[in-house]
Amino acid sequence: MTKEFKRIGVLTSGGDAPGMNAAIRSVVRTAISRGIEVMGIYCGYKGLIENDMKLLTERDVSNILNHGGTMLYSDRCEKFKTPEGVALGVENCRKNGIDGIITLGGDGTFRGATDLTRSGVPCIGIPCTIDNDISATDYTIGYDTAKNTVVEMVDRLRDTCESHARCNVVEVMGRHSGYIPVECGIAIGATGIAIPEIPFDKDKLINNITTLSHNGKRNFIVMVSEGMGKGYSQQLTDEIQEKTGIETRLAVLAHVQRGGSPSCTDRVTATRMGYRAVEQLLEGKYNQVMCLKEGNIHAEEVEYAFTFDRIVKGKATQEEIDALEPTLRHEMLERAASKKDHLVRLYNLAGSVSL
Ligand code: F6P
C-alpha cells in the first residue's frame, strides 16, 4: 500500500541555479492542489538539521517565477554528510509531520536525498545546476539561462576586442563539464575552446590566431572551462600574448553565470519537473531523480543516475560495470557513448567554423 502524504517538504541545496524558484512554485502549487501541505525548508539540509522551515501557501510562491537565486536559500551542508546530521534531519521531519521531501540541486543533493530515503523519509530529486553535468538527464535547470548570460557577456567582450584588435580568454564555470564552454563557444564564434573532456591543442590555437590575424581578423575569443584547473586560463592568456604578439586579456565570468532571471526554457522545464516530482512521490516511487530524455520528463532511480554518471565520466571500475545486469549494462554503455559522442561532435563543429 502506498504511503499517505499529508505534508511534504521542499528544499534547495548546493550551488543555486536560475529556475529553482520556478521549480519551488511548481512543487508547492501541485502539492496544494492535491490537498497536501508544503513546508519550505531554508538553506538546504542545514535548515533541515536546524529546524529552519515554514509552511508555504500558494501565495508565498507568487511572483518568484521570474527571479534568479532561490527564495529558500541554499547551502553546502557538511554536517548532513554525517550519520548524526541525517538523524537530526529525520527527527525534524518527524517533529514537523513531513512525510517526504522534494530536493532541488545536483549530485551532492541527491546523495543527501538517498540517505534520507534510506532513513525513512522518501525523497525525489530535481536536477538544478548550471553545469548540466548530471548524466542521467539531458538537461539540468539553470543551464539555458547560464549559457544565455555567457553569450551576452562574451558578445560585449567581442565588441571591445574588435575595436582594440585584442584576444580575450574567457573562463567559464561548469565544474568539470565542458557543455557551457562548447555550446557558448559555438554561439559566440570562439577561435578556440579548452575543456577537460577533450585534449586541447594549444599550439594549433596559437598558430590559428597568428594566421587569422595576418589575414585581417581583429577579435579573438578563447573559451576555457574552469575544469582545466586553477591558473590554467591565466597561463594560456600569457602564452597567447607572448607567442602571437596580440594583446590578450583574461575575463573570469564566475558567479555572474549563476544569477539572473531564468530563461523561458528553464521556467518551463522547472515547472514540468516540479509537477512530475510531486506525482512520483505521491505514487510511492521514491529515491528517484527527474530527468529530461528526448524531450520527455521521466524519473530514473538515483542509483541508476549515480552509476551512469560514473560510467560517462570514466570513474566506474570494470568490476562495477561487469556486475550490472547485461541488458542494463548494454543500455548504459550505449547511452554513455552517445553522450560523449554528442559533446565531441559539438566541439568539432565549433572548430570547423572558427576560421
Ligand atoms: O555547480 C555550480 C557551480 O557554479 C560550478 O559551476 C562551480 O564550480 C561551483 O558551483 C562554484 O561553487 P561555489 O558557489 O561554492 O563557489
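Residues numbered from 1 in each chain as written. Predicted model: local features only at pLDDT ≥ 70, side-chain atom pairs only at ≥ 80, totals over all residues. Heavy atoms only, no water.

Novice: Honestly, the pairing of strand 10 (residues 288-293) in this entry has me stumped. Any pointers?
Specialist: Consecutive side chains along a regular strand alternate between the two faces of the sheet. Most of strand 10 is tucked away: five of the six residues are buried. Examined bridge by bridge, strand 5 (residues 123-127) and strand 10 share two bridges and lie parallel to one another. Counterpart to glycine 125 in the pairing with strand 10 is valine 289. Count of turn residues in the strand 10/strand 11 (residues 296-301) antiparallel hairpin: two residues, of which glutamate 294 carries a positive phi of about 50°. (Buried < 20%, exposed > 50% of the residue type's maximum accessible area, 1.4 Å probe, protein only. Helix = DSSP H or I, 4+ residues; strand = E, 2+ residues; numbered from the N terminus. Pairing = 2+ DSSP bridges.)

Novice: I would appreciate a short explanation of helix 9 (residues 264-282) in the present structure.
Specialist: An ideal rise of 1.5 Å per residue puts 27 Å on 19 residues; helix 9 measures up with 28 Å between its terminal C-alpha atoms. Of all the residues in helix 9, the buried ones are Asp266, Thr269, Ala270, Met273, Gly274, Ala277, Val278, Glu279, Gln280 and Leu281. Looking at the residues trailing helix 9, positive phi occurs at glycine 284, about 80°. (Expected span 1.5 Å × (residues − 1).)

Novice: Please clarify how the site of the ligand should be interpreted in this entry.
Specialist: Neighbouring residues of the ligand: Arg76, Thr129, Asp131, Met173, Gly174, Arg175, Glu226, His255 and Arg258. Interatomic distance of 3.1 Å between a backbone N/O atom of glycine 174 and an oxygen atom of the ligand. A distance of 2.5 Å separates an oxygen atom of the ligand from a polar side-chain atom of glutamate 226. Starting from 390 Å² of accessible surface for the ligand in isolation, the protein chains cover 75%. Within the shell around the ligand, the residues separate by chemical class into one nonpolar, three polar and five charged. (Near = heavy atom within 4 Å. Polar contact = N/O pair within 3.5 Å; in protein donor to acceptor, adjacent residues only side chain to side chain. Areas by Shrake-Rupley, 256 points an atom, 1.4 Å probe, with all protein chains shown as cover. Nonpolar A, V, L, I, M, F, W, Y, C, P; charged D, E, K, R; others polar.)

Novice: Please clarify how the sheet that holds strand 6 (residues 167-172) should be interpreted in this entry.
Specialist: Within a sheet, each strand pairs with its neighbour through backbone hydrogen bonds, oriented either parallel or antiparallel. Here four strands make up an open sheet; going across it, the order is 7-8-6-9 and the pairing parallel. Since the sheet does not close on itself, it has two edges, and those belong to strand 7 (192-194) and strand 9 (248-252), each with one partner. Neighbour-to-neighbour, the strand axes of this sheet turn through a mean angle of 20°, independent of strand direction. Where strand 6 and strand 9 come together, five bridges link them in parallel fashion. What sits directly across from glutamate 171, in strand 9, is valine 252. Running at roughly 165° to strand 9, helix 8 (residues 232-244) makes contact with strand 6, strand 7, strand 8 (220-225) and strand 9 of the sheet. (Axes fitted to C-alpha atoms, helices over the stretch in contact; angles between N-to-C directions. Contact = heavy atoms within 4.5 Å.)

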